[in-house]
Amino acid sequence: MTRFLVVLTDVRPVEGINRNERVAPERRRQVVGASSREAADRIAGAFMALGMVRAGRQRVKVIAVGRRHSRD
């Protein structure tokens, strides 16, 4: 079963040279778990209505976690 995380983050300044999320991730403001993609999309939609997201100061990310890989 695949679970999803909906993450609200601050947008990193443009001057930042290191934009690799694995090395230097953006600062998280809110993290919410969802058990289905539909639920994650609804939560993300609510976050996208926030003023800071609409102004471009924060962003919303939907991340799939716990995905099972099939073996050949």
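Figured I'd write up the structure that's included with this text. (Residues numbered from 1 in each chain as written. Predicted model: local features only at pLDDT ≥ 70, side-chain atom pairs only at ≥ 80, totals over all residues. Heavy atoms only, no water.)

**Some remarks on the pattern of salt bridges**
Scanning all chains against the criterion turns up five salt bridges. When the shortest N-O distance is used, the salt bridge between E26 and K61 registers 3.1 Å. Here E26, found in the loop between β1 (3-10) and β2 (28-34), pairs with K61, found in strand β3 (residues 58-65); they are 35 residues apart in sequence, far enough to count as distant. Comparing E26 with K61 shows no difference in burial state: the two are buried. Close ionic contact of D41 with R37 constitutes a salt bridge, the shortest N to O distance being 3.1 Å. Placement of both D41 and R37 in helix α1 (residues 37-48) is noted, with a separation of four residues, approximately one turn of the helix. Given a relative accessible area of 40%, R37 falls into the partly exposed group. Ionic contacts of the salt-bridge type, sharing partners, join the residues D10, R27 and R29 into one network. (Salt bridge = Lys/Arg side-chain N within 4 Å of Asp/Glu carboxyl O. Helix = DSSP H or I, 4+ residues; strand = E, 2+ residues; numbered from the N terminus. Buried < 20%, exposed > 50% of the residue type's maximum accessible area, 1.4 Å probe, protein only.)

**With respect to the nonpolar core**
Core analysis: the largest hydrophobic core is formed by eight residues, namely F4, V6, L8, A34, A40, A44, F47 and V53. Residue assignment for this core shows that the elements contributing at least two residues are β1 and α1. Residue contacts for V6: discarding those within four places in its chain leaves Q30, V31, V32, A40, I43, A44, F47, V60, K61 and V62. (Core = buried A, V, L, I, M, F, W, Y, C linked by side-chain atoms within 4.5 Å. Contact = heavy atoms within 4.5 Å.)

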